[in-house]
Amino acid sequence: MAAREAGTETGPGGRGRVTITEIARRAGVSVPTVSRVVNGRSDVSPSTRARVEDLLLRHGYRRRPAASGTRAALLDLVFHDLDSPWAVEIIRGVEEVAHAAGAGTVVSALHGRSGDAREWMRNLRARASDGVVLVTSALEPGLHEELRALGVPLVVVDPAGSPALDVPTVGAANWSGGLAATEHLLSLGHRRIGLIAGPPRLLCSRARHDGYRAALEGAGIALDESLVVPGDFRPESGFAGCNVLLGLPEPPTAVFAASDQMALGAVEALRRRGLRVPEDMSVVGFDDLPEVRWSAPPLTTVRQPLADMGKLAVRTVLRLARGERPDSPRVELGTDLVVRASTAAPKD
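Residues numbered from 1 in each chain as written. Predicted model: local features only at pLDDT ≥ 70, side-chain atom pairs only at ≥ 80, totals over all residues. Heavy atoms only, no water.

1. A short note on the pairing of strand 4 (residues 154–157)
Move 1: Of the two faces of strand 4, the one holding Leu154 and Val156 and the one holding Val155 and Val157 are both buried throughout.
Move 2: Two strands pair when backbone bridges link them, and strand 3 (residues 131–135) and strand 4 are joined in this way by four bridges, in the parallel orientation. Residue pairing in the sheet places Val133 in a bridge with Val155 of strand 4. (Buried < 20%, exposed > 50% of the residue type's maximum accessible area, 1.4 Å probe, protein only. Helix = DSSP H or I, 4+ residues; strand = E, 2+ residues; numbered from the N terminus. Pairing = 2+ DSSP bridges.)

So this is what it looks like as C-alpha cells:
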C-alpha cells in the first residue's frame, strides 16, 4: 500500500488536517518510515517507532485497514546504462541482499537523458519507492531535491561526480587499483606503459588515471602524455585506443586499460595486427569481470568487488529507510591485483 494511502488526513473531530509527509517532517524521518509505522511493519527502530506513534496519536491520524496486507519494501536501482557486464555484477549483489530482506527491486537506466530521468521520477512517485540506489550516474539537482522532499533515501554507488554531503556513497579503491596495476607492469621491467583511460567525467576514471601517474612518478619516470589515450569503458574504445598507441613512433611495451572491456578490445587490436599477448605487449584491465579469466590469454586485472558494492548499498539504503544512520557516509571497498597470463617481462 502506498504511503499516501495508509490513513486519513483528518485530525480529531475533522480538525487539523495532517498528512504522512507532515508527520515525517515533524518526526525527522522519511515518509516510507512513517508508512511502515502506520502499517505495523517491524523494520523500524523502537525509538523511531515511539516518536512517530506519539505524533500520529497527537494528530489523530487514523489508520486505514489494508485490503490485502501490508506493502513489501520496494527499491529503485538506477544506472546510467545497462549495456555492460559490470552492471550485471552490481545487480547480482543488490538482488541478493534485497531478496533476503523481502524487498523488491526495480531496475532502470537513464542514459544521461533528462526526459528519461523525469519519467523515472514520475514512476517512482507512483510506486512509492522506499529507497534509491544510484550507480555511476548523476541526477539533475531538481530531481535530487524532489527525492529529498519525498523523503526517499538515496545511496550512490561509484559516484559520477561529488554527491551532496548528506548522500552516502559506496565505491572502490580506484586510485590504489590504478597504482597497483601500473606498479605490476613496472616490476616486470616495463618503462613505456600506455593508459587507455575511462571517461573523465567519472571520479573512478580520474582516480585510476591518478594512480597510474603516481606509480610512474614513484619509479622516476616522467609522464608521457602521448601514451595516454581516451576511452569510454567499452571494448570499441579499447580497440581504438590500442591502435592509436601502436601507431606511435615508439609504441609502449605494456598497456593498462581502465576497464576489463577496454582491455579485451586492446587484446583484439593486437591480435588483428598479428601481435601476441603478453609476448609483444602486456595488457592489464580493471574490474575482474567473470569472462576475463576465460579470455585468451586469461587477463591480469584489478578486481573491484562489484557485487559487494551492490550489497552494501542496499544494506545502507534499508537502514536509512528505517530512520537509522549508516556506519559511515563514505565507504571505499578494497581492490586487489589478480595476476594471470596477459602480463610478462618485455622482450629484450
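Anyway, onward from the coordinates.
2. A closer look at the confidence of the model for the protein
Move 1: Mean pLDDT over the protein stands at 86; residues scoring 70 or higher make up 89%.
Move 2: Low pLDDT (under 50) marks residues 1–16, which in the prediction has 43 contacts with non-local residues, meaning those over four places away or in another chain.
Move 3: Note on residues 62–70: pLDDT is under 50 here. Beyond four places in sequence and across chains, it has 17 contacts. (pLDDT = per-residue confidence, 0-100. Contact = heavy atoms within 4.5 Å.)

3. Examining the environment of Gln304
Move 1: Here Gln304 shows up in the loop between strand 10 (300–303) and helix 11 (306–321).
Move 2: Of the residues examined, Gln304 reaches a relative accessible area of 2% and is grouped as buried.
Move 3: Taking the C-alpha atoms as reference, Gln304 lies 5.2 Å from Asp287; in sequence the two are 17 residues apart.
Move 4: Beyond its immediate chain neighbours, meaning those up to four positions away, Gln304 contacts Trp86, Asp158, Ala172, Asn174, Arg208, Phe286, Asp287, Met309 and Thr335.

4. Here we look at the sheet that holds strand 5 (residues 169–172)
Picture the strands of a sheet paired through backbone hydrogen bonds; they go either parallel or antiparallel.
Move 1: With respect to topology, six strands assemble into an open sheet ordered 2-1-3-4-5-11, the strand pairing being parallel. Either end of the sheet is taken by a strand with one partner, and the two such strands are strand 2 (104–109) and strand 11 (330–333). When the angles between neighbouring strand axes are averaged without regard to direction, this sheet yields 20 degrees.
Move 2: As paired strands, strand 4 and strand 5 are joined by two bridges and run parallel to one another. Looking at strand 5, one finds that Val156 is bridged to Thr169.
Move 3: Here helix 4 (residues 85–100) sits on the sheet and contacts strand 1 (74–79), strand 2, strand 3 and strand 4; the angle it forms with strand 1, its principal contact strand, is near 170 degrees. (Axes fitted to C-alpha atoms, helices over the stretch in contact; angles between N-to-C directions.)

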